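Descriptive structure summary
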Amino acid sequence: MRVLVAGLIGGIVIFVWGVLAHMALGLGNVGIQLPANENVVLNSLHEGLGNQAGVYILPSLDPKQMGDEAVIKAYSAKAATSPYAWVVYLPQGDDMMQMGPQIGRQWASDTLAALALACILGLAGMGFRRRIGVAATAAVFAWLSTMLPYWNWYRFPLDFTLAALVEQLVGWLLAGAAMAWWLGRSERKLAT
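Note that the coordinates shown come from a computational prediction; the quantities given were computed from them, not determined experimentally. (Residues numbered from 1 in each chain as written. Predicted model: local features only at pLDDT ≥ 70, side-chain atom pairs only at ≥ 80, totals over all residues. Heavy atoms only, no water.)

Some words on the overall build of the chain
The helix and strand tally for the chain stands at six helices and two strands. Counted from the first residue to the last, the chain has its helices and strands arranged as α-α-β-α-β-α-α-α. The globule rule puts the C-alpha radius of gyration for 192 residues at 16 Å, and the 22 Å found for the chain is more than 25% above it. In terms of overall dimensions, the chain has C-alpha extents of about 75 × 40 × 25 Å along its principal axes. (Helix = DSSP H or I, 4+ residues; strand = E, 2+ residues; numbered from the N terminus. Rg over C-alpha atoms; globule rule 2.2 N^0.38 Å.)

See below:
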């Protein structure tokens, strides 16, 4: 039960930190640019991408043609001279200002992540500082295993990638401290 409560506390802290980091500090907007002519881009998406929602990398190479040396050479030449885009595409669109479902999913995701971390932090033999160190390590691990590969392979902007590190590290340090406090409090009660 103490781990469950710690996870709920951590979920609340990381969710509130996420709101603060995005809304007040602007960390969620670092590296995101506005298009020079949005309407031109939007109007060309249906024609260029069709009706299939998904992630598109432009220029593209069909994995089935990876063994064809001529196709690889042509793709390499095109990739070296063309713009690059990593596009999350929804052909039907979505009102991004209707955030209710997204907020609910974010809170659930934050809470599940905090519960997973609380299970680790709840292991016997860890004091407050060690638990915070584990929380920081978990944040860096998550960033190294997700955001750094996105920067490396999908060309996410470096400032966007580093802002994600700050957001994750600070957030999980705060949540980790709250969970470590709760778990230590419960352990002190059990010891007396």
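Quick notes on helix H1 (residues 2-24)
If you check H1, its first and last C-alpha atoms are 32 Å apart, about what 23 residues at 1.5 Å a residue would give, namely 33 Å. Taken together, the buried positions of H1 are occupied by Ala6, Gly7, Gly10, Gly11, Ile14, Phe15, Trp17, Gly18 and Ala21. Where H1 ends, the next residue or the one after it, Gly26, has phi of about 75°, a positive value. (Expected span 1.5 Å × (residues − 1). Buried < 20%, exposed > 50% of the residue type's maximum accessible area, 1.4 Å probe, protein only.)

Details of the nonpolar core
By size, the foremost hydrophobic cluster in this structure holds 17 residues, and its most contacted members are Ala6, Leu117, Trp172 and Met179. When contributions to this core are tallied by element, the ones reaching two or more residues are H1, helix H4 (100-121), helix H5 (128-154) and helix H6 (158-191). Ranked by residues supplied to this core, first place goes to H6 with six residues. Not counting chain neighbours up to four residues away, the residues in contact with Ala6 comprise Ala118, Met179, Trp182 and Leu183. (Core = buried A, V, L, I, M, F, W, Y, C linked by side-chain atoms within 4.5 Å. Contact = heavy atoms within 4.5 Å.)

What to know about the packing of aromatic side chains
What the rule picks out here adds up to eight aromatic pairs. The interplanar angle of 45° and the centroid separation of 5.2 Å between the aromatic rings of Tyr150 and Phe156 together place this pair among those described as tilted. Residue Tyr150 is classed as partly exposed on the basis of its relative accessible area, which comes to 32%. Residue Phe156 is classed as buried on the basis of its relative accessible area of 15%. Through pairs of rings, three or more aromatic residues link up here, namely Trp86, Tyr150, Tyr154, Phe156 and Phe160. For the cation-ring pair, Arg155 lies above Tyr84, with the distance from its terminal atom to the ring centre recorded as 5.7 Å. (Phe/Tyr/Trp six-rings, centres within 6.5 Å; stacked < 30°, edge-to-face > 60°. Lys NZ or Arg CZ within 6 Å of the ring centre and 35° of its normal.)

Focus on the packing of H4 against H5
Axis separation between H4 and H5 bottoms out at 10 Å; the angle between their running directions is 140°. Compared by their axis directions, H4 and H5 come out oblique. The interaxial crossing formed by H4 with H5 has right-handed handedness. Residues Leu117, Ile120 and Leu121 of H4 lie in contact with H5, whose contacting residues are Arg131, Val134, Ala135 and Ala138. Its residues assigned to classes, the contact of H4 with H5 shows six nonpolar, no polar and one charged. (Axes fitted to C-alpha atoms, helices over the stretch in contact; angles between N-to-C directions. Parallel < 35°, antiparallel > 145°, perpendicular 65-115°, else oblique. Left-handed = near helix turned anticlockwise from the far one by under 90°. Nonpolar A, V, L, I, M, F, W, Y, C, P; charged D, E, K, R; others polar.)

A word on H4
Here H4 is 22 residues long and its end C-alpha atoms lie 31 Å apart, about the 32 Å a rise of 1.5 Å per residue gives. The set of residues buried in H4 consists of Asp110, Thr111, Ala114, Leu117, Ala118 and Leu121. An end-on view of H4 places all buried positions within 130° of arc, on one side of the element. Structural note: H4 exposes Pro101, Arg105 and Leu112 on the side pointing more than 90 degrees away from its buried face. (Arc of directions from axis to C-beta.)

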